[in-house]
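Observations on the three-dimensional arrangement
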Amino acid sequence: MIHHTMIVAFDNPIPGDELDRYLKELEELVMNSGLIDSFAAQHHIRVPGDDHAPLAVASAIVQLRLTDLDALNASFSMPGVFDLIERWQNRYPYKAIWVNHQPLD
């Protein structure tokens, strides 16, 4: 079991309903790929300390659960993923960082 945890940070504030739409589209894409066992996402909870973040402030966190390393590698080229990224980047530029890891206990 491998988790792919992404922190998504839009360059500028994004309306909550638009963030929800992005997350829903991402969920539908990855879950329909047959590569992902589960999808979970939440909005970032803003606190005053975010004003001092050294890199970026998250907009949302996304976690995908995959069976193995082969599924993880295949997920980076699943059909439609580049179209979704480009479409959302054109509307609301963002950055994503991720970590691939075993489940946290």
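Everything quoted here is computed from the prediction, not taken from an experiment.

Rules used throughout
- Residues numbered from 1 in each chain as written.
- Predicted model: local features only at pLDDT ≥ 70, side-chain atom pairs only at ≥ 80, totals over all residues.
- Heavy atoms only, no water.
- Helix = DSSP H or I, 4+ residues; strand = E, 2+ residues; numbered from the N terminus.
- Buried < 20%, exposed > 50% of the residue type's maximum accessible area, 1.4 Å probe, protein only.
- Pairing = 2+ DSSP bridges.
- Axes fitted to C-alpha atoms, helices over the stretch in contact; angles between N-to-C directions.
- Contact = heavy atoms within 4.5 Å.
- Parallel < 35°, antiparallel > 145°, perpendicular 65-115°, else oblique.
- Nonpolar A, V, L, I, M, F, W, Y, C, P; charged D, E, K, R; others polar.
- Arc of directions from axis to C-beta.

Examining the environment of Leu104
When you line up the elements, Leu104 lands in the segment after β4 (94–101). Residue class for Leu104 comes out exposed when judged on its relative accessible area of 70%. C-alpha separation for the pair Leu104 and His3, spaced 101 residues apart in sequence, amounts to 8.9 Å.

Here we look at the sheet that holds strand β1 (residues 2–10)
Spatial ordering of the open sheet is given by β2-β3-β1-β4, a layout of four strands whose pairing is antiparallel. Two strands in the sheet have a free side with no partner beyond their single neighbour: β2 (36–43) and β4. Sheet twist, expressed as the average angle between the axes of neighbouring strands with direction ignored, equals 15°. Strands β1, β2, β3 (60–66) and β4 of the sheet are contacted by helix α1 (residues 16–32), whose axis makes an angle of about 175° with β2.

Re the pairing of β3
Burial along β3 is one-sided: the face carrying Ala60, Val62, Leu64 and Leu66 is buried and the face carrying Ile61, Gln63 and Arg65 is not. Here β1 pairs with β3 via seven bridges, running antiparallel. Counted as the bridge partner of Val8 is Ala60 from β3. Pairing of β2 with β3 involves seven bridges; the strand directions are antiparallel. Looking at the pairing, Phe39 lines up with Leu64 of β3.

Here we look at the packing of α1 against helix α3 (residues 81–91)
Running from N to C, α1 and α3 point in directions that differ by 170°, and their axes come no closer than 10 Å. For the element pair α1 / α3, the angle class is roughly antiparallel. Packed against α1, whose contacting residues are Glu18, Arg21, Tyr22, Glu25, Leu26 and Leu29, the element α3 presents Val81, Leu84, Arg87, Trp88 and Arg91 at the interface. Its residues placed into classes, the contact of α1 with α3 shows six nonpolar, no polar and five charged.

Notes on α3
Within α3, the full set of buried residues consists of Val81, Leu84 and Trp88. One face of α3 carries all of its buried residues, which in axial projection span an arc of 65°. Within α3, the exposed residues directed more than 90 degrees away from the buried face are Phe82, Asp83 and Asn90. On the buried face of α3, the contacting elements are α1 and β4.

Looking at the environment of Ala9
Here Ala9 is to be found in strand β1. Residues in contact with Ala9, not counting those within four places in the same chain, are Ala56, Val57, Ala58, Ser59, Tyr94 and Lys95.

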